[in-house]
Amino acid sequence: MTKWTPTHEAPEPLEGPVVPTIVGGTVLWFVLFLVQLPFYGWFDDHGHTWWVWTCLAGAGLGLIGIWYVRGRDAAIKRDAAARDAEGTRGAPGTQADRPTA
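Reading the values: the criteria
- Residues numbered from 1 in each chain as written.
- Predicted model: local features only at pLDDT ≥ 70, side-chain atom pairs only at ≥ 80, totals over all residues.
- Heavy atoms only, no water.
- Helix = DSSP H or I, 4+ residues; strand = E, 2+ residues; numbered from the N terminus.
- Buried < 20%, exposed > 50% of the residue type's maximum accessible area, 1.4 Å probe, protein only.
- Contact = heavy atoms within 4.5 Å.
- Areas by Shrake-Rupley, 256 points an atom, 1.4 Å probe, with all protein chains shown as cover.
- Polar contact = N/O pair within 3.5 Å; in protein donor to acceptor, adjacent residues only side chain to side chain.
- pLDDT = per-residue confidence, 0-100.
- Expected span 1.5 Å × (residues − 1).
- Arc of directions from axis to C-beta.
- Phe/Tyr/Trp six-rings, centres within 6.5 Å; stacked < 30°, edge-to-face > 60°.

Caption draft 1: Layout of the overall build of the chain. Within the chain, the regular secondary structure consists of three helices and zero strands. Secondary structure elements of the chain, listed N to C terminal, follow the sequence α-α-α. Buried positions account for 13% of the 101 residues belonging to the chain. Put simply, 51% of the contacts in the chain that link residues at least 6 apart link residues at least 24 apart. For the chain, the exposed area adds up to about 8,700 Å²; of that, 66% sits on carbon and sulfur atoms.

As structure tokens, this is what we get:
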């Protein structure tokens, strides 16, 4: 059997509105929890209480996800700002590196 090797490079990862996406998903899980809560007796009678608790767990994990992606987004922005600051300064020993009077 021969080893498979890719014939082309992998595409760059897509960057989109990550924070709003995670916030929207978290809100959706919490709304689903609240919608099911008045029917808890029916879920309990039919052995489906895990549906209610799954929605609550999804909302809780979503809160952790919001914290994580906000920190990730802030780190990406800090890195981009640091790279921009380095790019505007000239190379050592050039005119742009010397202070002006």
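Caption draft 2: Focus on the environment of tyrosine 68. Within the fold, tyrosine 68 resides in helix H3 (residues 49-88). Judged by relative accessible area, which is 53%, tyrosine 68 ranks as exposed.

Caption draft 3: View of the environment of threonine 26. Within the fold, threonine 26 resides in helix H1 (residues 18-36). The sequence separation of threonine 26 and glycine 62 amounts to 36 residues, and the corresponding C-alpha distance is 4.7 Å. If sequence neighbours within four positions are ignored, threonine 26 has contacts with Ala59, Gly62, Leu63 and Ile66. Polar side-chain contacts of threonine 26 include one of 3.3 Å to the backbone oxygen of glycine 62.

Caption draft 4: Local environment of the confidence of the model for the chain. Averaged over every residue, the pLDDT of the chain is 87; residues scoring 70 or more account for 85%. When pLDDT is averaged over each element of the chain, H1 comes out on top at 96 and H3 at the bottom at 93.

Caption draft 5: Broad picture of H1. With 19 residues, H1 extends 27 Å from end C-alpha to end C-alpha; this agrees with the ideal 27 Å at 1.5 Å per step. All of the buried residues in H1 are Thr26, Phe33 and Gln36. In an axial view of H1, the angular spread of the buried residues amounts to 100 degrees, which keeps them on one side of the axis. Exposed positions of H1 whose direction lies more than 90 degrees from the buried face are Pro20, Thr21 and Leu28.

Caption draft 6: Expanded view of the packing of aromatic side chains. Evaluation of the coordinates by the stated rule reveals six aromatic pairs. Ring geometry for phenylalanine 43 and tryptophan 51: centres 5.6 Å apart, planes at 65 degrees, overall edge-to-face. Owing to a relative accessible area of 34%, tryptophan 51 belongs among the partly exposed residues under this scheme. Members of the aromatic cluster, each reached through a chain of ring pairs, are Phe30, Phe33, Tyr40 and Trp53.

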